[in-house]
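Fold and contact review
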2 protein chains.
Amino acid sequence: MRRFDQQLEDLQTRLLEMGGRVEAALHNSVGALADRDEARARAVLAGEPSIDAMEIEIDDFAVRLMALHQPMARDMRLLAATIKINNDLERMGDLAAHIAERALSLMQEPPLPVSDILRLAQLAEAMVHDSLDALKSQDAGLAQRVLESDDEVDQLRDWLYRRLILWMQSDGPAVPSAMHQLFVIRHLERIADHATNIGEDVLFYLRGVDVRHHAALAG
Amino acid sequence: MRRFDQQLEDLQTRLLEMGGRVEAALHNSVGALADRDEARARAVLAGEPSIDAMEIEIDDFAVRLMALHQPMARDMRLLAATIKINNDLERMGDLAAHIAERALSLMQEPPLPVSDILRLAQLAEAMVHDSLDALKSQDAGLAQRVLESDDEVDQLRDWLYRRLILWMQSDGPAVPSAMHQLFVIRHLERIADHATNIGEDVLFYLRGVDVRHHAALAG
């Protein structure tokens with residue numbers, strides 16, 4: 001068997017690979033929505049099972065390392081953070097697939113403007129990217145900035161919801177498209193929430209302080 | 001320090017207590033929605049931080065037991081299942097709070113019929129109850145039935161969505177209420193999904209077989 005610290009490194013590599021796949025799925029689902037690109041949406045859906053399989057593999061690997069090595073303090077926090085981040089990534093993969101499904105449904109309906117949803121998607125994508133970057137480079141400052149970005153997402157989401165309600169009230173035939181868009185907005189918001197969770201887990205790992213549920217942050 | 005098997009039992013007791021609180025939060029959020037009962041909705045929101053705190057406590061307890069005792073096979077599966085179930089319960093608590101928020105928003109709008117949403121809520125509540133019961137009584141058959149109930153939830157949800165679209169298309173002023181209801185339906189659906197996760201985790205613990213992502217179930 002390889003040395004424990006080498007195994008820990010292998011585990012991190014797999015987790016970052018999973019992160020890369022989830023980022024690609026998100027990017028493609030949003031691209032499919034913007035360009036009404038059916039093939040691209042279907043490719044996201046086709047890729048979901050491999051993300052699910054990877055989650056189970058990483059989970060098993062992390063639990064096995066915990067059980068076999070009884071790691072102390074920092075290493076134990078890394079394993080605990082890995083299990084949580086892995087779970088957040090798998091859920092993001094699901095949400096990217098949900099966006100791809102909505103993109104397919106939207107292709108059946110008359111187009112509604114999408115540019116402001118794309119702005120929300122860019123914010124969410126940047127948060128996902130930064131949270132993984134913070135993990136990779138062990139950068140607490142960057143993890144902290146991910147947590148702070150979540151407010152901007154919430155503001156844009158509220159504005160988008162209000163506009164959708166106006167569209168639905170003034171234009172009955174637009175209701176199905178608006179409803180699909182509403183779910184896309186919700187999925188993007190939840191992706192941003194999962195990126196926030198990853199930022200919190202990175203801070204927990206680096207500082208040993210639990211910042212879940214927005215407890216006060218040590219500076 | 002108490003014996004390991006006693007500590008495992010204490011952990012299970014805490015997890016089932018958490019389950020009871022989440023069940024109550026769900027029941028009260030749905031009751032607040034049905035009866036337009038502001039005080040009851042606010043009580044759900046006030047109770048959320050204590051559910052969040054309990055999640056962190058149970059999580060720490062389980063990880064500590066893993067690290068200290070290096071349990072084998074069945075005990076290790078119980079601890080891994082506990083961590084996952086704990087996380088699902090915390091998310092259900094969040095979703096119950098979201099329902100309570102929507103109940104408050106709906107009180108500001110003209111009433112829409114709710115009886116079919118209450119039917120969906122009953123299905124979701126029964127799944128939550130049965131999943132916790134399966135955990136408590138180590139009943140694989142009951143856990144299996146929770147997994148099977150999820151289809152009924154999905155069918156009712158689709159029917160509710162179609163009806164909401166018709167309401168929004170024919171009655172502009174009803175759009176804000178319909179949108180709040182749409183989110184309630186979504187939250188209930190996700191609560192049912194988390195109950196399904198708990199059912200899967202109970203099966204994993206009892207049988208040592210991973211049934212996540214709807215892999216084939218051994219009979």
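Remember, predicted model here, so these are calculated numbers, not experimental data.

About the criteria used
- Residues numbered from 1 in each chain as written.
- Chains lettered and ligands numbered in written order.
- Predicted model: local features only at pLDDT ≥ 70, side-chain atom pairs only at ≥ 80, totals over all residues.
- Helix = DSSP H or I, 4+ residues; strand = E, 2+ residues; numbered from the N terminus.
- Rg over C-alpha atoms; globule rule 2.2 N^0.38 Å.
- Buried ≥ 20, exposed ≤ 12 C-beta atoms within 10 Å, placed from the backbone.
- Contact = placed C-beta atoms within 7 Å.
- Nonpolar A, V, L, I, M, F, W, Y, C, P; charged D, E, K, R; others polar.
- Core = buried A, V, L, I, M, F, W, Y, C linked by C-beta atoms within 7 Å.
- pLDDT = per-residue confidence, 0-100.
- Least-squares fit on C-alpha atoms with pLDDT ≥ 70 in both.
- Axes fitted to C-alpha atoms, helices over the stretch in contact; angles between N-to-C directions.
- Parallel < 35°, antiparallel > 145°, perpendicular 65-115°, else oblique.
- Left-handed = near helix turned anticlockwise from the far one by under 90°.
- Expected span 1.5 Å × (residues − 1).

1. A short note on the overall build of chain A
In terms of helices and strands, chain A carries six helices and zero strands. Listing the helices and strands of chain A from first to last along the sequence gives α-α-α-α-α-α. In summary, chain A has a C-alpha radius of gyration of 19 Å against a globular reference of 17 Å for 219 residues, a match within 12%. Along the first, second and third principal axes, the C-alpha atoms of chain A reach 60 × 40 × 20 Å. Scored against the burial criterion, the 219 residues of chain A give a buried share of 41%. Of the contacts formed within chain A by residues at least 6 apart in sequence, a portion of 79% connects residues at least 24 apart.

2. A few points about the interface of chain A and chain B
The figure often quoted for interface size is the accessible area lost as the parts come together. In this complex, chain A contributes 18 residues to the contact, which on the side of chain B involves 18 residues. Looking at the side of chain A that touches chain B, the elements that each hand over two or more residues are α2 (38–69), α3 (73–107), α5 (140–170) and α6 (175–207) of chain A. A class-by-class count of the residues in the side of chain A that touches chain B yields 11 nonpolar, four polar and three charged.

3. Remarks on the nonpolar core
Within the largest apolar cluster, 126 residues are counted, with the highest numbers of intra-cluster contacts made by A96(A), L120(A), A124(A), A96(B), L120(B) and A124(B). Discounting chain neighbours no more than four positions away, the residues touching L120(A) are V153(A), L156(A), R157(A), L160(A), I185(A) and L188(A).

4. Quick notes on the confidence of the model for chain A
Detailed reading of predicted coordinates is not advised where the pLDDT is low. Per-chain confidence: chain A averages 91 in pLDDT, with 94% of residues scoring 70 or above. Every residue in residues 214–219 of chain A is under pLDDT 50, and counting partners more than four places away or in other chains gives four contacts.

5. Some words on the relation of the copies chain A and chain B
Structural alignment of chain A on chain B gives an RMSD of 0.0 Å, achieved by rotating through 180° and translating 0.0 Å along the axis. Both copies are brought into coincidence by an operation consistent with a two-fold rotation axis. Most of the interface of chain A is mirrored in chain B, where 100% of its interface residues are also at the interface.

6. Things to note about the packing of helix α4 (residues 115–137) of chain B against helix α5 (residues 140–170) of chain B
Residue and element names in this part refer to chain B. Their axes nearest at 10 Å, the elements α4 and α5 cross at an angle of 165°. With respect to their mutual orientation, α4 and α5 come out roughly antiparallel. Note that α4 runs across α5; the crossing there is left-handed. Contacts between α4 and α5 involve D116, I117, R119, L120, L123, A124, M127, D130, S131, D133 and A134 on the former and, on the latter, L142, A143, R145, V146, S149, E152, V153, L156, R157 and L160. In terms of residue class, the contact of α4 with α5 is built from 12 nonpolar, two polar and seven charged.

7. Section: unusual backbone geometry
Both trends apply: most residues other than glycine have a negative phi, and most peptide bonds are in trans. Non-glycine residue Q138(A) carries a positive phi angle of around 50°. Mapping Q138(A) onto the fold places it in the loop between α4 (115–137) and α5.

8. Some remarks on the packing of helix α2 (residues 38–69) of chain B against helix α3 (residues 73–107) of chain B
Residue and element names in this part refer to chain B. Following both chains from N to C, one finds α2 and α3 inclined at 165°, their axes separated by 9 Å at the closest point. On the basis of their axis angle, the class for α2 and α3 is roughly antiparallel. Considering the relative orientation of α2 and α3, their crossing is left-handed. For the contact of α2 with α3, a count of residues per class yields 16 nonpolar, three polar and six charged.

9. Brief notes about the environment of S131(B)
Residues and elements named next belong to chain B. Turning to its location among the elements, S131 is positioned in helix α4. S131 sits 125 residues away from Q6 along the chain, and the two C-alpha atoms are 23 Å apart. Once residues lying within four places of it in the same chain are set aside, the contact partners of S131 are A143, V146, A195, I198, G199 and V202.

10. Comments concerning α6(A)
Here α6(A) contains 33 residues, and its C-alpha end-to-end distance of 48 Å stays within 8% of the 48 Å for a straight helix at 1.5 Å per residue. Following α6(A) by one or two positions, G208(A) has its phi on the positive side, about 75°.

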